[in-house]
Amino acid sequence: MSNQPPQNNTPGHAPAGSLLTATDLRKTYGTTAALDGAHFSIHPGEVVAVMGPSGSGKSTLLHCLAGIVTPDSGTLTYDGRDLSAMSDRERSALRRSEFGFVFQFGQLVPELTCVENVALPLRLAGTPRKDAERTALSWMERLEVDDLGPKRPGEVSGGQGQRVAVARALACGPRVLFADEPTGALDSLNGERVMQLLTEAARSTNAAVVLVTHEARVAAYSDREIVVRDGTSRDVSMEFTR
Amino acid sequence: MSIGHTLLGLLEAGPRHGYDLKRAFDEKFGHDRPLHYGQVYSTMSRLLKNGLVEVDGTESGAGPERKRYAITDAGITDVEQWLAEPEKPEPYLQSTLYTKVVLALLTGRSADTLLDTQRAEHLRLMRILTDRKRGGDLADQLICDHALFHLEADLRWLELTAARLDRLATEIRR
Amino acid sequence: MSALDDLRLGVKFAVNGGREGWTRTLLTAVGVGLGVALLLITSAIPNALTARDQRSAARGEFGGHSVEKAGPDTLLVGSFSTDFLDHPVQARMLRPEGPRAPLPPGLTAFPKPGELAVSPALKELMESGGGELLRKRLNGPVTAVIGDEGLLGPHELLYYQGSDDLAHRPGSTHRISSFQGVEQEGLDPVLLLLVLVACVVLLAPVAVLIAAAVRFGGDRRDRRLAALRLVGADGRMTRRIAAGEALAGALIGLAVGAGLFFAIRSTAGLITLERISVFPADLVPLPWVVLLICLAVPASGVLVTLLALRGVVIEPLGVVRTTKPVRRRLWWRLLLPAVGLALLLPMFGQGGDGGDFNRPQVIGGTALLLIGVTALLPWLVEAVVAQLGSGPVSWQLAVRRMQLSSGTAARTVNGIAVAVAGAIALQMLLSGITGRYTDDTGADTSRANMSLNLRPDSRAHNKAGELTERLAGIPGVARALAVDQAFLGGSSEASDVFSELTVGDCTALREFGAVTSCKDGDVFLTRGNETDGTSTPAGFRPGGRYYIDPTVGPTTGLALPWTLPTGMPTVESKEGPEGYRRGGILATPGAVPAAAREAYVRAIYVKFDGSVPDAPDLVRNAVYTADPLIHVSVLSETRTANRFEQIQRGMFAGAACVLLLIGASLLVSQLEQLRERKKLLAALVAFGTRRSTLGWSVLWQTAVPVTLGLALAIGVGVVLGMVLQRMTAVSVGIDWGPIAIMSGIAGGVVLLVTALSMPVLLRLMRPDGLRTE
């Protein structure tokens with residue numbers, strides 16, 4: 001599903017072997033600049049933490065990288081393809097098949113059962129219901145929530161729900177997993193468990209993880225971090241630890 | 001905390017007498033533990049010996065001998081190196097970090113960079129601890145968690161300081 | 001804080017709660033207001049009709065004593081009506097016979113001979129471009145306009161004309177010394193039933209709507225109340241605050257309703273329904289109804305709110321629904337319609353024998369059946385939705401959502417279901433009644449389009465021949481046929497041998513019997529007529545002696561003896577142009593004594609060739625000139641067919657309005673629901689959900705409950721309609737056309753609501769929703 005080798009025809013300015021690269025991204029909401037020249041790159045199998053104070057533009061960076069939001073300017077390359085040149089339809093298709101998402105909360109459809117929630121991205125991509133739910137269940141097993149299958153999100157705890165969300169994000173075999181404060185609503189113990197399961201599962205499928213967090217202990221699950229301040233990103237770890 | 005580096009940093013603003021140095025240090029960093037005059041003199045003579053400061057002039061008067069010290073180029077380099085080098089992450093190093101931040105602001109260096117560097121260093125250690133926790137038993141995990149929580153507290157303080165650097169800068173330069 | 005303070009706080013929240021609070025209050029107020037306005041109008045209609053009756057009585061001439069002799073206080077009144085285009089114009093000739101003759105209301109002085117006093121609407125009609133023929137017909141200067149107190153409604157067409165040669169002709173004129181009307185006949189029980197059912201049908205969805213309106217934005221309010229609990233309000237206080245909010249909405253709704261009522265009332269003068277128009281000033285609601293509305297609407301608003309809060313515990317940290325959703329039970333829900341049916345069943349067939357319906361029973365039964373829909377629908381939706389299986393993702397999302405909160409889904413369409421059920425039942429009753437009240441007149445419009453009768457006392461009676469010729473010469477008239485009629489009896493007074501005598505030339509006689517060879521002087525005996533009830537012309541023997549115009553009843557007849565000729569062939573009678581068979585004798589003028597002419601009612605039949613549109617009014621003008629008191633009837637194949645058309649159209653319009661109103665409330669709750677799910681929608685879009693998938697799921701969510709609601713509504717509506725048809729003893733039949741129309745309108749409302757919620761859905765699906773603050 002996701003284990004095809006990275007393509008070599010990446011544009012010149014992208015670091016070699018990089019799966020997702022952004023240069024000089026700018027995005028303005030009204031008059032406030034959310035991103036003001038941000039750079040980013042990630043390799044397959046890498047976990048990168050995006051850190052920074054609230055309001056610094058972390059989430060906007062994630063939304064731009066995932067093709068949810070189109071940046072005002074800058075280049076955005078995924079797997080050799082220019083994301084900013086894609087239509088909304090193409091980007092939606094890309095998000096369905098190549099990307100996975102975990103948010104802080106409010107992402108599980110409350111009226112669907114957990115297993116239906118996990119199967120949702122697969123079904124959206126056209127997998128028949130039975131197959132989708134079988135795959136979903138196997139992912140729930142990996143995240144140790146397979147017993148929650150027939151329950152509704154309202155009936156499970158926050159940590160369990162977040163693990164269901166991780167299972168859903170991974171179910172479609174994404175090559176990049178975007179996680180925006182995935183443990184933000186959880187206590188330490190549950191947060192740690194979710195991070196452990198998330199990074200392990202991502203590593204096992206060689207998926208890259210973009211992890212937006214303001215918590216150092218969560219960021220410690222990453223391979224390196226970049227810091228966003230006032231809309232600009234600094235790839236600190238590239239300079240000092242690598 | 002390195003008193004030598006701190007005094008050197010204070011001298012970067014301009015030559016001072018030993019007594020002035022003590023007063024400046026006490027005002028900015030020695031809230032609860034003022035420096036002894038003797039400490040100043042012994043430190044200054046060590047710095048003098050290492051060529052990091054020089055005597056700018058001597059005033060004779062009623063009291064003790066009053067030397068005016070100035071920082072040398074070697075001294076400036078030494079301060080710069082000290083500031084750029086991240087502290088080994090361990091609990092309770094706020095005072096050192098605080099001194100560094102203030103000195104960076106006083107001497108017109110980038111405090112942001114200093115904080116980023118320190119954060120990266122902290123995270124590096126936290127990654128190692130997190131990794132160890134992954135493979136370790138419960139005791140290991142608890143020990144690592146203890147350290148992780150303390151390091152996280154440091155980092156939180158760093159973020160907080162970073163957020164308030166501007167205010168700090170105006171207050172220090174006053 | 002005292003209870004009153006809590007209420008006041010709630011009121012403050014309702015009017016002071018920022019934009020959202022305002023929107024919610026406004027929606028509630030508009031919903032309640034529309035309902036209140038409808039209630040007020042309904043309650044004002046009886047008053048308007050009473051005022052109308054009173055005015056009608058004040059100017060009537062039949063109720064007072066008719067005076068035999070002319071005196072100083074007598075007035076000679078000739079009442080008649082003349083049609084212009086499709087408008088019937090009421091007319092009165094006035095001839096005061098003394099200085100103290102009574103003046104009709106609305107006049108300040110009697111019009112002088114030839115002068116006209118006209119109603120404002122008639123004045124307008126006469127002065128309009130097409131009014132030329134009417135001006136010519138009335139032929140007099142307009143010197144006065146009749147005041148409102150002399151009119152039944154603002155659009156009534158009426159005039160008084162002064163006369164100095166009006167003669168007293170019993171039957172066409174009255175001599176009176178005061179105006180006084182006769183007591184109005186009570187409404188036909190079947191029509192009364194129609195009115196009652198129409199009121200219930202219109203008001204039932206309004207009640208449902210009011211109940212829904214006070215619940216607008218309930219979830220949001222619950223959360224606000226939770227925040228109040230956090231700062232120390234207890235459960236009782238939150239309930240009182242909620243009651244205060246509902247109260248505010250209902251009170252503003254009352255004001256809106258009053259405003260709407262006055263707005264509608266001021267336009268009431270512009271509307272004419274069934275040729276009835278009302279003065280806005282007459283639309284005064286009954287005081288006790290106003291009082292009841294003022295008390296009941298706020299009270300029910302508070303009650304509904306408290307009922308809705310019954311199953312909810314508002315905790316400081318959020319809202320908990322305590323009542324574990326129990327499976328809805330069917331039996332008590334069936335009880336409502338069952339009781340309704342039980343109330344209606346005993347009245348089967350009563351409309352046929354002209355018996356009165358028990359009003360409370362009709363209202364109660366109909367209302368219970370309709371309200372039963374609102375009780376059955378939640379159960380139905382729950383039962384059906386639970387069975388719904390797999391499908392595409394959009395379907396799955398919609399089905400699961402409905403399974404989780406089928407109550408909400410059902411509640412929103414309750415109004416639609418009640419409105420449609422009521423409209424269908426009413427429609428069935430209407431079409432049944434229309435069939436009953438419309439009869440085939442049998443008139444043959446290929447032979448004649450208009451007919452008029454000159455009675456012996458008409459001043460044109462002896463000029464019938466000339467009039468016929470004049471009418472035949474009017475452009476557009478194909479032919480004018482004259483025939484004279486009288487009665488023929490076996491003795492000079494009432495006897496068993498009694499039939500009609502029809503006198504005319506051979507051409508005219510061939511219209512009434514299968515006459516073959518004919519010359520002046522011939523007489524024919526008819527067979528197969530209907531009027532004397534026998535198929536054989538028994539009693540009339542050739543050569544026998546009979547009496548033309550025998551004395552029957554109080555008026556003295558001519559009783560002119562006449563011997564039937566011996567050679568008298570018998571012919572089969574034939575339906576005349578007006579649609580019935582004449583009996584007795586057909587005779588040519590030469591066979592009848594000339595003196596018989598005085599007893600004749602002379603009929604003229606006019607047939608148009610269709611080339612001149614004004615021909616009917618040209619004919620009326622000619623007849624009017626001959627004698628204004630002669631009424632010209634238009635022959636049509638069916639009668640009263642269009643009588644219910646307007647009611648029917650009005651009903652469709654009303655139902656469409658109610659449905660639109662409900663559509664608006666559906667839209668509001670839909671948008672509220674969507675807004676609540678902002679974050680979820682954004683997350684769904686983030687992982688690549690197609691916008692169309694979400695759009696379809698919104699459509700399903702509306703369409704499924706509406707479809708179920710419609711199915712139930714059709715079922716209940718047809719049952720109620722059939723019951724009503726049986727009650728009025730008309731043949732039971734289902735008219736699928738209106739059902740299709742109502743379903744179509746309801747379906748259109750669903751599509752409209754979905755279409756209107758799309759922009760909001762698209763906006764909410766933008767990634768902004770992902771931003772945490």
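Computed from a predicted structure; not experimentally measured.

About the thresholds
Residues numbered from 1 in each chain as written. Chains lettered and ligands numbered in written order. Predicted model: local features only at pLDDT ≥ 70, side-chain atom pairs only at ≥ 80, totals over all residues. Heavy atoms only, no water. Helix = DSSP H or I, 4+ residues; strand = E, 2+ residues; numbered from the N terminus. Buried < 20%, exposed > 50% of the residue type's maximum accessible area, 1.4 Å probe, protein only. Contact = heavy atoms within 4.5 Å. Areas by Shrake-Rupley, 256 points an atom, 1.4 Å probe, with all protein chains shown as cover. Expected span 1.5 Å × (residues − 1). Core = buried A, V, L, I, M, F, W, Y, C linked by side-chain atoms within 4.5 Å. Domains from an automatic or database assignment. Buried area = accessible area lost by both parts, 1.4 Å probe. Salt bridge = Lys/Arg side-chain N within 4 Å of Asp/Glu carboxyl O. Nonpolar A, V, L, I, M, F, W, Y, C, P; charged D, E, K, R; others polar. Phe/Tyr/Trp six-rings, centres within 6.5 Å; stacked < 30°, edge-to-face > 60°. pLDDT = per-residue confidence, 0-100. Pairing = 2+ DSSP bridges. Axes fitted to C-alpha atoms, helices over the stretch in contact; angles between N-to-C directions.

(A) The overall build of chain C, seen in detail. Across its full length, chain C carries 19 helices and 18 strands. For chain C, with 773 residues in total, the buried portion stands at 50%. Taking contacts inside chain C between residues at least 6 apart in sequence as the whole, the part at least 24 apart equals 81%. Of the roughly 34,600 Å² that chain C leaves accessible, carbon and sulfur atoms contribute 60%.

(B) Geometry of helix α18 (residues 691–727) of chain C. Here α18 of chain C spans 53 Å end to end across 37 residues, near enough to the 54 Å set by a 1.5 Å rise per residue. One or two positions beyond α18 of chain C, positive phi appears at A729 of chain C, with a value near 60°.

(C) The nonpolar core, seen in detail. If you look at the biggest cluster of nonpolar residues, it comprises 119 residues, and the most contacted ones within it are F40, L61, L65, F101, F178 and V210 of chain A together with V420 of chain C. When residues of this core are assigned to their parent elements, the largest contribution, 16 residues, is made by helix α12 (residues 406–437) of chain C. Residues from two domains meet in this core; each of domain 1 (1–60 + 184–323) and domain 3 (327–437 + 641–772) of chain C gives at least three. Among all residues touching F178 of chain A, those that are not within four sequence positions of it are L20, L62, L65, A66, F99, G100, F101, V102 and V210 of chain A. With 46 residues, the next largest nonpolar core counts A220 of chain A together with F25, W82 and L168 of chain B among its residues.

(D) Broad picture of the interface of chain A and chain C. Opposite the 28 residues of chain A that make contact, chain C presents 27 residues. Across the chain A to chain C interface the summed buried area is about 2,600 Å²; carbon plus sulfur atoms make up 60%. Of all residues in chain A, the largest losses of buried area upon contact with chain C belong to E111, R123 and L124 of chain A, amounting jointly to 24% of the total for that side. The tally of links between chain A and chain C comes to one salt bridge. Between E116 of chain A and R400 of chain C there is a salt bridge; the shortest N-O distance is 2.2 Å. Of all elements in the fold, only α2 (88–97), α3 (114–124) and α4 (129–142) of chain A reach the threshold of two or more residues within the side of chain A that touches chain C. Partitioning the side of chain A that touches chain C into residue classes produces 13 nonpolar, five polar and 10 charged.

(E) How the structure looks around the packing of aromatic side chains. All names here are of chain A. Counting across every chain of the model gives 11 aromatic pairs over all chains. With a centroid separation of 5.1 Å and 85° between ring planes, the pair formed by Y78 and F99 is classed as edge-to-face. Note that Y78 is positioned in strand β4 (residues 73–78) and F99 in strand β6 (residues 99–102), a separation of 21 residues in sequence. Here the aromatic rings of F99 and F178 are separated by 5.1 Å at their centres, their planes lie at 70°, and the arrangement is edge-to-face. Placement of F99 in strand β6 and of F178 in strand β7 (residues 176–180) is noted, with a sequence separation of 79 residues between them.

(F) Region of the structure containing the confidence of the model for chain C. Residues and elements named next belong to chain C. For chain C, the average pLDDT comes to 79, and 84% of its residues sit at 70 or higher. Per-element mean pLDDT across chain C ranges from 61 in strand β8 (residues 318–321) up to 92 in strand β3 (residues 116–118). As a predicted assembly, this complex carries a pTM of 0.64 together with an ipTM value of 0.76.

(G) Structural view of the sheet that holds strand β1 (residues 75–84) of chain C. Residue and element names in this part refer to chain C. Strand order in the open sheet made by the six strands is β4-β3-β5-β2-β1-β6, with mixed pairing throughout. The sheet terminates laterally at β4 (142–145) and β6 (173–176), the two strands that pair on one side only. Between one strand and the next, the sheet's axes are offset by a mean angle of 25°, whatever the strand orientation. Two elements, strand β2 (residues 87–96) and strand β5 (residues 158–162), share five bridges in a ladder whose sense is parallel. If you follow Q90 over to β5, its bridge partner there is L158.

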